[in-house]
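Structural description and commentary
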Amino acid sequence: MAFRRALLCLLGMLIASSAIAVSDSGIYYQIGLMWPGAYCVQTTGGCCMPKSPIVPAADFYVSGFTVLNATTDAPETSCSSTPFNSDEILGISGLRQYWSNIKCPSNNGQKSWKSAWKTSGVCSGLDDKAYFQAAIALRSKINPLSRLVSKGIKPDFGLYSLEKIKKAIQAGTGVAPLIQCSKGPFDKFQLYQIFICVAEDAKTLIECPKPQKFTCSDEILFHPFKKWMLKQAASSVSFAEAFEMAGAAMGY
Ligand SMILES: *[C@@H]1O[C@H](CO)[C@@H](O)[C@H](O)[C@H]1NC(C)=O
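Report follows, based on the coordinates. Predicted model only: the values in this text are computed from it and were never measured.

Relative orientation of the contacting elements helix α5 (residues 110–119) and helix α6 (residues 128–142) amounts to 105°, with a least axis distance of 11 Å. One way to sum up the angle between α5 and α6 is to call them roughly perpendicular. Two secondary-structure elements touch here, α5 through Trp113, Ala116 and Trp117 and α6 through Asp128, Tyr131 and Phe132. For the contact of α5 with α6, a count of residues per class yields five nonpolar, no polar and one charged.

This next bit is on the site of the ligand. Near the ligand the following residues occur: Ser25, Gly26, Asn69, Thr72 and Glu76. Asn69 places a side-chain nitrogen or oxygen 2.3 Å from an oxygen atom of the ligand. In the model, an oxygen atom of the ligand is placed 2.9 Å from a nitrogen or oxygen of the Glu76 side chain. Here the ligand, which alone exposes 360 Å², has 41% of that area covered by the protein. Here the shell around the ligand is composed, by residue class, of no nonpolar, four polar and one charged.

Right, let's talk about the pairing of strand β5 (residues 178–183) for a bit. Counting buried residues in β5 gives five out of six residues, a clear majority hidden from the surface. Examined bridge by bridge, β5 and strand β6 (residues 189–198) share six bridges and lie antiparallel to one another. Note that in β6 the partner of Lys183 across the bridge is Phe189. Counting the residues in the hairpin turn of β5 and β6 gives five residues, including Phe186, whose phi is positive at 55°.

With that out of the way, let us pick up α5. Taken together, the buried positions of α5 are Trp113, Ala116 and Trp117. Down the axis, α5 shows its buried residues gathered within 100° of arc, on one side only.

Glancing now at the pairing of strand β3 (residues 61–69). For a regular strand, the rule is simple: side chains alternate between the two faces of the sheet. Within β3, seven of the nine residues are buried, which leaves it mostly tucked inside the rest of the structure. Sheet analysis places strand β1 (residues 27–34) next to β3, joined by eight bridges and oriented antiparallel. Note that in β3 the partner of Ile31 across the bridge is Phe65.

Moving on, we come to the environment of Pro185. With respect to the secondary-structure elements, Pro185 resides in the loop between β5 and β6. Between the alpha carbons of Pro185 and Leu221 there is a distance of 8.8 Å; along the sequence they are 36 residues apart. Ignoring sequence-local partners within four residues, the contact set of Pro185 consists of Val41, Phe157, Gln190, Leu221 and His223.

Quick notes on the rules
Residues numbered from 1 in each chain as written. Predicted model: local features only at pLDDT ≥ 70, side-chain atom pairs only at ≥ 80, totals over all residues. Heavy atoms only, no water. Axes fitted to C-alpha atoms, helices over the stretch in contact; angles between N-to-C directions. Helix = DSSP H or I, 4+ residues; strand = E, 2+ residues; numbered from the N terminus. Parallel < 35°, antiparallel > 145°, perpendicular 65-115°, else oblique. Contact = heavy atoms within 4.5 Å. Nonpolar A, V, L, I, M, F, W, Y, C, P; charged D, E, K, R; others polar. Near = heavy atom within 4 Å. Polar contact = N/O pair within 3.5 Å; in protein donor to acceptor, adjacent residues only side chain to side chain. Areas by Shrake-Rupley, 256 points an atom, 1.4 Å probe, with all protein chains shown as cover. Buried < 20%, exposed > 50% of the residue type's maximum accessible area, 1.4 Å probe, protein only. Pairing = 2+ DSSP bridges. Arc of directions from axis to C-beta.

So this is what it looks like as structure tokens:
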């Protein structure tokens with residue numbers, strides 16, 4: 001009996017302390033992962049090879065790492081003016097492969113990282129290196145392309161069930177993703193972005209408390225992403241070969 005009481009007491013303390021931890025920061029995150037194959041065909045100007053010696057991966061890219069208020073579910077933005085130090089983040093492994101900016105004209109990505117930091121990063125309570133590192137680690141943990149490909153869902157211009165896409169990602173991550181579609185070729189809805197919510201520790205995946213609603217059809221197009229889709233700046237040379245290797249490593 002005493003043992004049971006002690007156990008209950010311990011349990012109560014654990015619950016109380018976790019409740020305190022939540023109200024401490026009062027935030028959670030949402031990570032956005034963008035499929036470049038969709039971006040390149042839906043954008044009038046197409047997409048461009050970044051100005052960087054490092055080739056972007058043939059995979060989903062981080063498109064945002066938003067901080068949300070746990071009480072209101074609204075984005076927390078521009079909470080402080082902690083400056084952005086690009087030297088700190090450029091050393092992060094995978095940053096330029098997986099948080100690539102393929103907007104045209106070709107750019108070195110600095111503007112999009114700085115904007116993510118100034119808008120959301122400063123509300124995270126993390127320093128800039130930890131904030132970008134957390135996003136890159138989450139991307140590889142979610143790893144959408146390999147989870148989809150392993151279930152036979154490939155970027156091959158095929159139409160795939162939206163439910164099956166969600167289930168493939170949920171099976172691997174334990175949480176339901178939100179899927180955003182865009183209009184692709186022949187006016188068909190295509191897989192564009194995947195959003196997943198993350199607890200205040202910037203590591204643990206959680207169900208989104210207030211999921212946004214996106215319009216898709218029951219079956220959506222998974223558009224290919226090929227090297228020729230990224231318009232080259234005149235000077236880069238070995239890009240095609242490097243990209244070929246990245247594609248081969250993907251195994252399809
Ligand atoms: C969340 O929003 C509430 C209501 O506006 C506010 O009182 C609270 O300070 C916000 N939390 C954070 C972490 O900013």
